[in-house]
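# Tertiary structure, described
Chain by chain, the residues run as shown.
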Amino acid sequence: MKTTPVALAELVRAFGGTLAGAGSADINPVPITDAGITDAGITDAGITDVGITDVGITDVGITDVQLDSRCAAPGVLFAALPGTRSDGLRFALDAVQRGASALLASRAFECAAGVPLWIHPEARRVAGLAAARVHGEANRQQRVVGITGTNGKSTVAHLVGALLAHAGHRPAVIGTLEYKLWGAAPLTSTHTTPDAPELARLARANLERGGDAFVLEVSSHALHQERLAGFPLDVAVFTNLGRDHLDYHPDLEAYARAKERIFENLKAGGAAVINADDAAGARMRLAAERNGARVFTYGTRSHADLSAALDVVGPSGTTLFLSGMGIPRTGFFLPLVGRHNVENALAALAAVLFLGASPAATVAGLAALSAPRGRLEPVDTGKRGFRVFVDYAHTPDALLRVLGTLRELLAASETSAGRVLCVFGCGGNRDREKRAPMGAAVAQQADLAWITSDNPRDEDPLSIIEEILPGFEHGRATLAGGSVRIEPDRRKAIARALAEARAGDIVLIAGKGHEVWQQVRDKRLSFEDPRVVLEELS
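Residues numbered from 1 in each chain as written. Predicted model: local features only at pLDDT ≥ 70, side-chain atom pairs only at ≥ 80, totals over all residues. Heavy atoms only, no water.

### Observations regarding the packing of helix α9 (residues 339–354) against helix α11 (residues 396–412)
- Remark: α9 packs on α11, axes separated minimally by 8 Å, with the N-to-C direction vectors making an angle of 115°. In this structure, α9 contributes Arg339, His340 and Glu343 to the contact, and α11 contributes Arg401, Val402 and Thr405.
- Partitioned by chemical class, the residues of the contact of α9 with α11 number one nonpolar, two polar and three charged. (Axes fitted to C-alpha atoms, helices over the stretch in contact; angles between N-to-C directions. Helix = DSSP H or I, 4+ residues; strand = E, 2+ residues; numbered from the N terminus. Contact = heavy atoms within 4.5 Å. Nonpolar A, V, L, I, M, F, W, Y, C, P; charged D, E, K, R; others polar.)

Given below as structure tokens:
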């Protein structure tokens, strides 16, 4: 992927800030506190708005933007940004030693004589804008759909990609499951939403492969960290708002405000697709309207622009009646299980309809959909008479939705004595306050529960379990009723649940879904829930 260099001075002219020459090398860079720095930049170094007195600095050509110093090379603008664990300024010298042609930072600092330094107070946002410019604004040559929400992002992204492909488009789909460019083998996902320069690279790669659409999950972290800078959306989808990521956001209000920011990233004339059934739907609609979006709503319980009425929920899908956005009332079978997946399908359908797909083609596409890996994924149990599902549910709301769907399946089955068994845990080094509510969700909907490890990371698994237990005071599965088991070894917990399952039961293995590893301290151990189920059944 060859890139025509863009002059550093051109980037500064386009996005502002001050271009300067960095000072002497310093392994532990420190801020310059006595150089007369103002909000606009350095005032006493003979620097104009764009050029400086250092010879050759304005001649530098930029071919890429990187936030990781290990990826620095000639032609790279290294953005030395503050992170949650360390400050990028500390890695500026490493980037220069690897060949970086220039540095970008929010303040002046001493590092590597002769290397151009671009100072901008909004360096994080500017890194994304510069990357988009360097890579030819490739995202603007594609239809871009971004999906945010506590639950459902991966499924909606997967479904939007499938419907776009059915309608004749060539989409990339980027998210938690994988990074999948059009016509390419999937890449391992490192973040739900890549950083802004990586998004620019992926958009260009997709365009060069013949792609014409780009679908991405947009996390609250990404919105707070401006990872959509330089990456405007044609459609912004909001699925729902629950409790999650309060290890990062100070409270639920801050989390909600982060989610609202997706609408600030819409192109002129762009659309917001909003879940009318969700309690935060009205708030999100107001935020979208403030940003000039065209708003389309969807739902199964509320009056909406696109709605569905469920008829029968079965183990292989849902029979429903669909209407709105140019689709007359139409009955058909959706091969996705549960109300929450009907909502996900409606969100995807609304986004694709706005982008111009014909109603008839999209309805036909719905009939051919499949759920992504690890989302109510069935595991073959042979002739044992009970069913097993693996799901990524790792929030209180997600557990309630998935377990509620499984209870509906029990109610519709011929075996009235069937039970719901659930194996789950909570991630370490994450929001501790959601642990007891997750326990309460399982207690409410499951008949038997095994509390185990998810990804314990740096925490003691038994300490995590202790914080889950208060949720089991009331409900179907309670500590007092003897229907809660504790087994920190995830494989053993799965094996014991399978051993206790009988004909007519449904077993849910929750929390990890598509993941193929388990994080224990600094090690990622091979672990796939579906594979472990099959091994324990064999």
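### Focus on unusual backbone geometry
- The phi angle at Met325 is positive, at roughly 55°, despite the residue not being glycine.
- Mapped onto the elements of the fold, Met325 is located in the loop between β18 (317–324) and β19 (327–334).
- The residue Arg521 is not glycine, and still its phi comes out positive at about 55°.
- For Arg521, the location among the structural elements is in the loop between β26 (517–520) and β27 (523–526).

### What to know about the side chain of Asp529
- For Asp529, the location among the structural elements is in helix α15 (residues 529–537).
- For Asp529, a relative accessible area of 1% puts it in the buried group.
- At 2.8 Å, the side chain of Asp529 forms a polar contact with the side chain of Arg490.
- What Asp529 contacts, discounting residues up to four positions off in sequence, is Val390, Arg490, Ile494, Ile509, Lys512 and Gly513. (Buried < 20%, exposed > 50% of the residue type's maximum accessible area, 1.4 Å probe, protein only. Polar contact = N/O pair within 3.5 Å; in protein donor to acceptor, adjacent residues only side chain to side chain.)

### Thoughts on the pairing of β18
- Direction of pairing for strand β17 (residues 306–314) relative to β18: antiparallel, over a ladder of eight bridges. The partner of Leu310 across the bridge, within β18, is Leu320.
- Taken together, the six bridges between β18 and β19 define a ladder with antiparallel strand orientation. Looking at the pairing, Gly324 lines up with Ile327 of β19.
- Connecting the antiparallel pair β18 and β19 is a turn made up of two residues, with Met325 showing a positive phi of about 55°. (Pairing = 2+ DSSP bridges.)

### Some words on the packing of aromatic side chains
- Tallied over the entire structure, the rule returns three aromatic pairs.
- Here Phe214 and Phe231 contribute two aromatic rings whose centre-to-centre distance is 5.2 Å and whose plane-to-plane angle is 65°, an arrangement assigned as edge-to-face. On the criterion of sequence distance, the pair formed by Phe214 in strand β13 (residues 213–217) and Phe231 in the loop between α6 (220–224) and β14 (233–238) is long-range, its members being 17 residues apart.
- Where Phe424 meets Phe472, the ring centres are 6.2 Å apart and the plane angle is 40°; that geometry is what we call tilted. Here the residue Phe424 occupies a position in strand β22 (residues 420–424), and Phe472 occupies one in the loop between α13 (461–468) and β24 (484–486), the gap between them amounting to 48 residues.
- On the accessibility criterion, Phe424 (1% relative accessible area) is buried.
- In this arrangement the basic side chain of Arg524 is found over the ring face of Trp517, its NZ or CZ atom lying 3.6 Å from the centre. (Phe/Tyr/Trp six-rings, centres within 6.5 Å; stacked < 30°, edge-to-face > 60°. Lys NZ or Arg CZ within 6 Å of the ring centre and 35° of its normal.)

### Topic: the side chain of Arg435
- Take Arg435: it is sitting in helix α12 (residues 435–445).
- Taking relative accessible area as the criterion, Arg435 reaches 1% and is therefore assigned buried.
- There is a polar contact of 2.8 Å between the side chain of Arg435 and the side chain of Glu467.

### Observations concerning the state of the cysteines
- Using the criterion set out here, one finds zero disulfides in the structure.
- For Cys422, which is in no disulfide, the shortest distance to another cysteine sulfur is to Cys426 and amounts to 11 Å. (Disulfide = S-S within 2.5 Å.)

### With respect to the sheet that holds strand β21 (residues 387–391)
- Spatially, the six strands line up as an open sheet ordered β20-β21-β25-β22-β23-β24, and their pairing is mixed. For this open sheet the edge positions go to β20 (377–379) and β24, each flanked by a neighbour on one side alone. Put simply, the sheet's adjacent strands are angled 20° from each other on average, direction ignored.
- Summarising the sheet, β20 and β21 pair through three bridges and their orientation is antiparallel. Looking across to β21, one finds that Pro378 is bridged to Phe389.
- Along the sheet, α12 contacts β22 and β23 (448–451); its crossing angle with β22, the most-contacted strand, is approximately 165°.
- In this fold α15 packs onto β20, β21 and β25 (506–510), with an angle of close to 15° to the strand it touches most, β20.

### Remarks on helix α8 (residues 281–290)
- Looking at α8, one finds that the buried residues are Gly281, Met284, Ala287 and Ala288. Taken around the axis of α8, the buried residues stretch over an arc of 120°, which confines them to a single face. Exposed residues on α8 whose side chains face more than 90 degrees from its buried face are Ala282 and Arg290.
- Turning to α8, the residues buried within the fold contact β14, α7 (252–260), β15 (266–275) and β16 (294–299).
- Looking one or two residues beyond α8, the residue adopting positive phi is Gly292, at roughly 80°. (Arc of directions from axis to C-beta.)

Remember, this is a structural readout, not a statement about activity or role.
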